[in-house]
Amino acid sequence: MKHIFSYCLCHFLLLLVTSFVVTLCDDADVTETNLLLRIKSELVDPLGAMNNWSPKTHVCNWNGITCDDDVDRKHVVGLNLSGSGISGSVSVELSHFVSLQTLDLSSNSLNGSIPSELGSLQNLVELQLYSNYLSGNIPKEIGNLKKLQVLRIGDNMLSGSIPSSIINLSELNVLGLGYCHLNGTIPVGIGKLKNLTSLDLQMNSLIGLIPEEIQNCEKLQNFAASNNMFEGNIPSSIGSLRSLKILNLANNSLSGPIPTSVSYLSNLTYLNLLGNKLNGEIPYELNSLIQLQRLDLSRNNFSGSMPLLNTKLQSLETLVLSDNSLTGSIPSSFCFKSSKLQQLFLARNILSGKFPLELLNCSSIQQLDLSGNSFEGEIPSSIDELQNLTDLVLNNNTFVGSLPREIGNITTLEGLFLFGNFFTGEIPAEIGKLKRLNTIYLYDNRMSGLIPRELTNCTSLREIDFFGNHFTGSIPETIGKLKNLVLLHLRQNVFSGPIPPSLGYCKSLQILALADNKLSGSIPHTFSYLSELYKITLYNNSFEGPIPNSLSSLKNLKIINFSHNKFSGSFSPLTASNSLTLLDLTNNSFSGPIPLNLANSRNLHRLRLAYNNLTGTIPSEFGQLNDLNFFDLSYNDLTGEVPPQLSNSRKIEHILLSNNRLSGKIPNWLGEFQELGELDLSYNNFSGKVPSEIGNCSNLLKLCLHHNNLSGEIPQEIGNLTSLNVFNIQSNSLTGVIPSTIQKCKKLYELRLSQNFLTGKLPFELGELDELQVILDLSKNLFSGEIPSSLGNLMKLERLNLSFNQLQGKVPTSLGKLTSLHVLNLSYNHLEGQIPSTFSGFPRSSFMNNSRLCGSPLVSCSGSTSERKMQLSNTQVAVIIVAIVFTSTVICLVMLYIMLRIWCNWRKVAISNADGGGVGQKKEEGRWVCNDQKTRNGEYWKMNSFGFIPSPDKNNSVTTTCFFNIKMEAMENANI
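If you're wondering where the values come from, they're calculated on a predicted model, not measured in any experiment.

Parameters at a glance
Residues numbered from 1 in each chain as written. Predicted model: local features only at pLDDT ≥ 70, side-chain atom pairs only at ≥ 80, totals over all residues. Heavy atoms only, no water. Pairing = 2+ DSSP bridges. Helix = DSSP H or I, 4+ residues; strand = E, 2+ residues; numbered from the N terminus. Axes fitted to C-alpha atoms, helices over the stretch in contact; angles between N-to-C directions. Disulfide = S-S within 2.5 Å. Buried < 20%, exposed > 50% of the residue type's maximum accessible area, 1.4 Å probe, protein only. 1 Å grid on protein atoms, 1.4 Å probe; cavity = no way out; pocket = protein on both sides within 12 Å on 5 of 7 lines; lining within 4 Å. Points joined across faces, edges and corners; volume = space filled by probe spheres on them. Nonpolar A, V, L, I, M, F, W, Y, C, P; charged D, E, K, R; others polar. Salt bridge = Lys/Arg side-chain N within 4 Å of Asp/Glu carboxyl O.

Visitor: When you look at the sheet that holds strand β3 (residues 87-89) in this model, what are you seeing that I'm missing?
Guide: Sheets are built from strands that pair by backbone hydrogen bonding, the pairs being arranged parallel or antiparallel. Pairing in this open sheet of five strands is parallel, and the strands run β3-β5-β7-β9-β11 from one edge to the other. Strand pairing shows two members of the sheet lacking a second neighbour, β3 and β11 (181-183), which therefore form its edges. Across the sheet, the mean angle from the axis of one strand to that of its neighbour is 20°, orientation sign disregarded. Here strand β9 (residues 157-161) runs beside β11; their pairing, made up of three bridges, is parallel. If you follow Ser161 over to β11, its bridge partner there is Asn183.

Structure follows, in structure tokens:
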């Protein structure tokens, strides 16, 4: 009976314990289920990754949940919701899953920080939270996860330093901390992680040295620390990592040479050291890395020759040595026939010699880049031995000669980059055999001839750039066959003729540049099919005619430059696009008003319509162009005022409205344009004062208001324009004085104030404008006083014009120091004294109409004094001459009188000596005898040669009596 009772008691106790254990297990399932449901409630699950997380389903059957294999105890050991699109934060509740071995929430949109409580998950083997938006520091409690083998928390926004506790993770195989914002250094004890196979620290802001202790991570296969700020040398101890397959230290600040110990890494397949400050020669020992597939040493400071040989590195597929200072030529034994080399990039070094024929042995090469070196000579005709070549990049060398026809045999060729050389001759017609060719860049060479029609057989072509050659003829009519063409750049050649209409069938075209040629004709109507076109430049040609209305269908146009052609009519079809950023129609014959819908291009920042025949007013709608930077409407026939709405364009830097018929006042709101650098309102009808608000345009470099009807004074605020280079306000009606504040415009190199009514003295402060170079023109004003000696400080000045003023005093000797001066005009003033001797080379016209000015090129100052004295003597001489003339006249008259007396006496003597004759004869003879004088026979009047002897009878006058008597006698005879 006793035994029976004992047996029953034991059985009861066993059932009780079993029931208790089962109850505990059920409680464990319920607890984990409730925790997971609580975690689910905190997350956003747009893709329904947790839809089957329900109490109706056992937790071990939930998506992403893994339980252990214990039949009696079903604990959650794995949670994997990677790439499920969930968002929210990493729940602290996860710390209660003490059996958890794998936690993978990677590639989601989780935010917040990593809970430090996760450090209590002592059984955790994998923690993967990478590719989320987690922030904050890495919790130091991570170091408590002694069993952790995989820690990948990179590609987040984590910051701070790597916690030193991480070196306690002795079982760790994979440590992924890349693509975060971590700073600080690599923990010194990193070498304690002896099981580490992968260390990813790339794309952070880590600094300091690469620790020597890294050598203790002997199992390390992948070490990626690129794109940080590591400095110092690459530790030679890195050669101890014999298991290393990938070493990526690119884009740091590492310096010094490559340690030769790197050559001990016999398993290395990938070595990337680009973008550092490494120098010295590339070690020849690297040729022992026979497993190496990719080697990139570009963008460093390596020098010397190229020691690497593909004959040694037989597994090499990619070799990149660009952007160094390597010299010499490519080794003759570089390649071998069975080479695996596919990519060889040697760009931007100092390599020289002819095209390396050694490379022709590398028939496996697909991409060859020798650009930016000093290779010369011709491309060999045997280039077609590179039958796998897809990209031939030889630009920016000194290659010469013509392109070999054999290049057409490389049927795999996709990219041909030969720009920046000295190639001549024509494009071979064989180029048309390259059916895969998608890019051909021949710009900046000396090639000539026609574009072969065969080129249009390359129907895969997407980009053609022949800029800056000497190609002639017309654009091939069959250009329309290139249906995939995106870029056509033919600028700066000698193409002629019209644009072929078939070009409009290149419907993928986005960029068309035909500028700087001799093309003519009109724009084809087929251009309306170019719906993808966003940039078109036709400037500097001879295109003419109106713009086709069909072009209004080109809604993607952003950049249009038709300047310097002969287009006419309205340009309205070009304004249909609302995406314009640049419109330049300068120097054409466009007419009519400016289209209002141009204002719909709200991103327009450059508008140039100068040198056309546009009429009407400036549209007020332009006030909507808030991004406008360059505004040029000069040389048109625009009228009206500047619209006040334009004041909204606060980003404007250039306003050019000269040579129109604009009127009204200069707007005060211009002073609000803080970015304004150039303002030209010249040759208009603006009136009123110069607004003082212009002084607020502190970045103004050029201010031209000349040839208007401005009045008033030059505002004092002009001195605020401390960056001003050019100030031209001539030919207005300005009054007052030159403001002394102009001395603050220290950067002025051109100052023109002529043809105004400015008065007062020239300010002494002008001499402080020591950058004045082009001209200082103050002519045709009303300036008075003396020329300030401070002008002698303008040592760079080339032209000085002070003419037509009322300046007085002497020319300052300090002006003689202006050795750069080659044009000088001081004429029409009241200057006096001696001209500085250094001005003797200027013409007389430079000083004319200054009555008291002397010295070369005028008369010398001593000659000037003698001249004034001689001028007084000449007055006296003039009086003397007049007296002499008068005296001479009197003497002549007296002499004439004497000669008549002599003649009369001679006749009297002749009659008295006659012996015969009657009364009639005597009477006749008496007619020639003066009256009242007695005739004496045989007696003559006594005369001398210098005078005459008067009659003894004073009453017998000898004036006109003789003449009178003769006349009377004649009258008597007439009466007889």
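Visitor: Whenever I open this one, the state of the cysteines confuses me. Can you help?
Guide: Defined simply, a disulfide is a covalent bond joining two cysteines at their sulfur atoms. All told, the structure shown has two disulfides when counted by the stated rule. A sulfur-sulfur separation of 2.0 Å characterises the disulfide bridge that pairs Cys60 with Cys67. Residues Cys60 and Cys67 share a disulfide whose torsion about the S-S bond is about -100°; that sign makes it left-handed. Overall, the relative accessible area of 12% leaves Cys67 in the buried class.

Visitor: Would you mind showing me how to read the sheet that holds strand β27 (residues 374-377) here?
Guide: The strand order across the open sheet built from 10 strands is β13-β15-β17-β19-β21-β23-β25-β27-β29-β31, with neighbouring strands paired in parallel fashion. Both outer strands of the open sheet, β13 (207-208) and β31 (422-423), are each paired with one neighbouring strand and no more. Relative to strand β25 (residues 350-354), strand β23 (residues 325-328) runs parallel, the two sharing two bridges. When the sheet's bridge partners are listed, Thr327 is paired in β25 with Ile350.

Visitor: Please explain empty space enclosed by the protein as it appears in this structure.
Guide: Remark: the empty space left among the atoms is shown by a probe the size of a water molecule rolled over them. Enumeration according to the criterion identifies eight cavities of 30 Å³ or more in this entry. Approximately 70 Å³ is the volume attributed to the largest cavity. Lining the largest cavity are Ile39, Leu43, Trp53, Leu79, Leu81, Ile86, Ser89, Val90, Ser91, Leu94, Leu105 and Leu110. Looking at the lining of the largest cavity residue by residue, the classes come out as 10 nonpolar, two polar and no charged.

Visitor: Looking at this structure, I do not really get the pattern of salt bridges. What am I missing?
Guide: If the charged atoms of two oppositely charged side chains come close together, the side chains can form a pair. For the coordinates displayed, the defined rule picks out 12 salt bridges. Notably, a salt bridge pairs Arg491 with Asp516, separated by 2.9 Å at the nearest N-O pair. Pair noted here: Arg491 is in the loop between β36 (487-489) and β37 (494-497) and Asp516 is in the loop between β38 (511-513) and β39 (518-521), with a separation of 25 residues, a long-range link. Given the relative accessible area of 23%, Arg491 is considered partly exposed. The partner of Lys702 in a salt bridge is Glu678, with the nearest N and O atoms 3.8 Å apart. One end of the pair, Lys702, is in strand β54 (residues 702-704); the other, Glu678, is in strand β52 (residues 678-680), with 24 residues separating them in the sequence. Relative accessible area serves as the criterion here: at 29%, Lys702 is assigned to the partly exposed category. Judged by relative accessible area, Glu678 falls into the buried class, the value being 15%.

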